[in-house]
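# Understanding the architecture of this molecule
Here's the letter readout for the chains.
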Amino acid sequence: MLTQEQKRLVKETVPVLKESGVALTDYFYKRMLRNNPDLQEVFNMGHQRSGAQAKALAGAVLAYAENIDDPGVLAPVIELICHKHVSLNIVAPNYSTVGENLLHSISEVLSVPMDAPLIGAWGAAYQELADIFIAAENKLYDEHRNTPGSWLGWRAFTVSRKVKESEEITSFYLKPEDGQPLPDYRPGQYVTLRVLVPELGLKQPRQYSLSSKPGADYLRISVKREDPRAEGQDPGYVSSTLHNAVSTGDTVELSAPAGNFFLLNPNVDNVLISAGVGLTPMMSMTHHLLAETADPNSRLTQSQETRTQQAQDRKQIFFLHAARSSDVHALRDELSGLAEQNSNLQIFIAYEQVKENEIHGEDYHLHGRLDLSTVPPEYLPAGADYYLCGPVPFMQEQYRSLLERGIAKERIHSEAFGTGGVGL
C-alpha cells in the first residue's frame, strides 16, 4: 500500500507531467526499446514514429497521478487498456521491464537520483497499478482458456480472400491454418494482427475491428489504407503491408478477439453511428442482430397474423454513417442489401461530397457532415442503446448531440483505441 507521503510526492509531480509528460514518455519508450529490442515486435512502431504512443502514455500517467487517492475512477480506462494488453500477449514479466525503464526515465529526465524518495514513491505507485493490471489481465486470459475456439498467443491464419470495398478500404477474409473452430466473439470486438513489415524487418501488431458476424469459419477485417497525401501523415506500416504486400494464400498471425466495445443488448433498439472505417464494428453488430432475429416476413410457413405480430415485435436497428463520398464508403452494397432484406434495419448516410447522379438516389440522405439535428427523430429513439465509432472529434460531436437530445449517458457507448473514451 502507498503511504500518504508517497501519494503526496506523486501528486507533486502533476505540474511537471502536464508540462513535460510527453517528453518523458517519449524518452522512456526510446530507452526501453533500445535496451529491450525484442519489444519492438510488441509495440507498434508506427505509433512510436508518430508520437501517438508517447502521448497516450503521458495522458495515462498524468491521470493516474491526479487520481492517486482514488484510482478506482480510472476503471473504464484500465479495462480498455487491459484488453489491448491481452491482445498483445503482455504478461507479468513485461511489467517489470516497463517499470524499471520508467523509473530510470523519471530519474534521468528530471535529474533525480534513483535513491531519492520521489523515485521510491513512483516505484510503489507503479507496482500498485501493475498489480491491478496483472490481476485484471489474468481474468481475461482465463476467459480465453475457457472459451471454445479461443486461444492464447499468436495463431496462424491464411488470407482466403482479399476484397476491395472502396477506394481506401479492403477486406481480408482470414481462416485458421490449423482448421480448428473459431470462438463466438462479441460483435464489435477486434483482433490484433501481426505481420512481417519488410521496411522494418520486424513483425508488427495492429488492432482491427472484426467486420463479420460470429459463427463463421473465417474472421473478416476491413482495413483502411493510410494515404499520407490525403491524411498528412506517414503511411501505416501494417496497413500498407496488408494492402501492398499481402496476397490471397499468404499467412498472417492473429491473437484472439478482444476489446470492451461490443453489442450489449439485442433486445432493445440499437442505433449505430459511425464515420469512415469506424463502420467496421457496426457491420459486425448489424449482422449479428439480424441473424439473432431473422425477418419474420421471410417465414412463409407462418400465418400472416403471426408474421405481422413478430414484425411488430422486432427491435429496430438504425445505422447512421458519415463518409467523405460514396467512393470511400466501404461495404455500402452489403449494408444496402441487408436493409432490403430486413424491414427493421434503417439506414441514414451523410456524404460530404455528393455526385450529381446521387442527389436523388436511395443512398443519399444528407449533403455535408453528419448532424444529428437533421436526422429524422424516429432514427434516434429515446430508449435505444447508442454506439459510436470513428475519429475522436466525430465521436465527441455525436456524444454531445445525443446528450443534448436527452439520451442517457449510460446508453452511449464508444470505441477508441487509446487511453480514454469520448466522455466530457
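Everything here concerns the structure above.
### A short note on helix α5 (residues 75–87)
End to end, α5 covers 18 Å across 13 residues, agreeing with the expected 18 Å (1.5 Å per residue, within 8%). For α5, the set of buried residues is Ile 78, Leu 80, Ile 81, Cys 82, His 83, Lys 84, His 85, Val 86 and Ser 87. Phi turns positive one or two residues past the end of α5, at Asn 89, with a value near 60°.

### Looking at the packing of aromatic side chains
Evaluated as defined, the whole model comprises 8 aromatic pairs. Aromatic side chains Tyr 29 and Phe 43 sit 5.6 Å apart centroid to centroid with 70° between the ring planes, which places their arrangement in the edge-to-face category. In this pair, Tyr 29 sits in helix α2 (residues 14–35) while Phe 43 sits in the loop between α2 and α3 (45–50), placing the two residues 14 residues apart along the sequence. The two residues Tyr 29 and Phe 43 agree in class, both being buried. Seen from their ring centres, Tyr 173 and Tyr 218 are 5.2 Å apart, and the 50° between their planes marks the pair as tilted. Taken as a pair, Tyr 173 in strand β2 (residues 169–176) and Tyr 218 in the loop between β4 (202–209) and β5 (219–224) lie far apart in primary sequence, 45 residues in all. Judged by its relative accessible area of 25%, Tyr 218 is partly exposed. Counting every residue linked through ring pairs, the aromatic cluster contains Phe 28, Tyr 29 and Phe 43. Lying across the ring of Tyr 173, Arg 161 places its NZ or CZ 4.3 Å from the centre. Here the guanidinium or amino end of Arg 186 rests over the ring plane of Phe 262, the centre of that ring lying 4.9 Å away.

### Considerations on the pattern of salt bridges
With the rule as written, the count across this model stands at 16 salt bridges. For Glu 108, the salt bridge is made with Arg 31, and the minimal N-O distance between the two is 3.2 Å. Taken together, the positions of Glu 108 in helix α6 (residues 92–110) and Arg 31 in helix α2 put the pair 77 residues apart, joining distant regions of the chain. Of the charged contacts, one joins Glu 253 and Lys 203 as a salt bridge, the two residues approaching to 3.5 Å between their closest N and O atoms. Of this pair, Glu 253 sits in strand β6 (residues 251–254) while Lys 203 sits in strand β4; the two residues are 50 residues apart in sequence, bridging distant segments of the chain.

### So, unusual backbone geometry
Non-glycine residue Asn 89 carries a positive phi angle of around 60°. The topology assignment puts Asn 89 in the loop between α5 and α6. One non-glycine residue, Ser 111, lies in positive phi territory at about 55°. Tracing the chain through its elements places Ser 111 in the loop between α6 and α7 (117–146).

### Let's talk about the side chain of His 413
Assignment of secondary structure puts His 413 in strand β12 (residues 412–415). Look at His 413 and you get buried, because its relative accessible area is 19%.

### Section: the nonpolar core
Membership of the largest hydrophobic core comes to 48 residues, with the highest contact counts inside it found for Tyr 64 and Trp 122. Elements represented by at least two residues in this core include exactly α1 (4–12), α2, α4 (52–66), α5, α6 and α7. When residues in this core are grouped by element, the largest group, 12 residues, is from α7. If near-sequence neighbours (up to four positions away) are discounted, Trp 122 is found in contact with Val 10, Thr 13, Leu 17, Val 61, Tyr 64, Ala 65, Leu 103 and Ile 106. In terms of nonpolar packing, the next biggest core, distinct from the first, is built from 24 residues, Leu 279, Met 283, Leu 290 and Leu 335 among them.

### With respect to the side chain of His 329
Residue position: His 329 is located in the loop between β8 (317–323) and α12 (332–341). Note on His 329: relative accessible area 3%, which makes it buried. In contact with His 329, not counting residues within four places along its chain, are Glu 165, Ser 166, Leu 279, His 321, Ala 323, Ile 349 and Tyr 351.

### Points about the sheet that holds β2
Strand order in the open sheet formed by 6 strands is β4-β3-β6-β1-β2-β5, and the pairing between neighbours is antiparallel. Each edge of the open sheet is held by one strand with a lone partner, namely β4 and β5. Along the sheet, successive strands turn relative to each other by an average axial angle of 40°, direction set aside. Relative to β2, strand β1 (residues 155–164) runs antiparallel, the two being bridged by 7 bridges. Of the residues in β2, the one forming a bridge with Lys 164 is Thr 170. Relative to strand β3 (residues 190–197), α5 is tilted by about 45°, and along the sheet it contacts β3 and β4. Contacting β1, β2, β3, β4, β5 and β6, helix α9 (residues 237–244) runs over the sheet at an angle of about 75° to β3.

Criteria and thresholds
- Residues numbered from 1 in each chain as written.
- Predicted model: local features only at pLDDT ≥ 70, side-chain atom pairs only at ≥ 80, totals over all residues.
- Heavy atoms only, no water.
- Helix = DSSP H or I, 4+ residues; strand = E, 2+ residues; numbered from the N terminus.
- Expected span 1.5 Å × (residues − 1).
- Buried < 20%, exposed > 50% of the residue type's maximum accessible area, 1.4 Å probe, protein only.
- Phe/Tyr/Trp six-rings, centres within 6.5 Å; stacked < 30°, edge-to-face > 60°.
- Lys NZ or Arg CZ within 6 Å of the ring centre and 35° of its normal.
- Salt bridge = Lys/Arg side-chain N within 4 Å of Asp/Glu carboxyl O.
- Core = buried A, V, L, I, M, F, W, Y, C linked by side-chain atoms within 4.5 Å.
- Contact = heavy atoms within 4.5 Å.
- Pairing = 2+ DSSP bridges.
- Axes fitted to C-alpha atoms, helices over the stretch in contact; angles between N-to-C directions.

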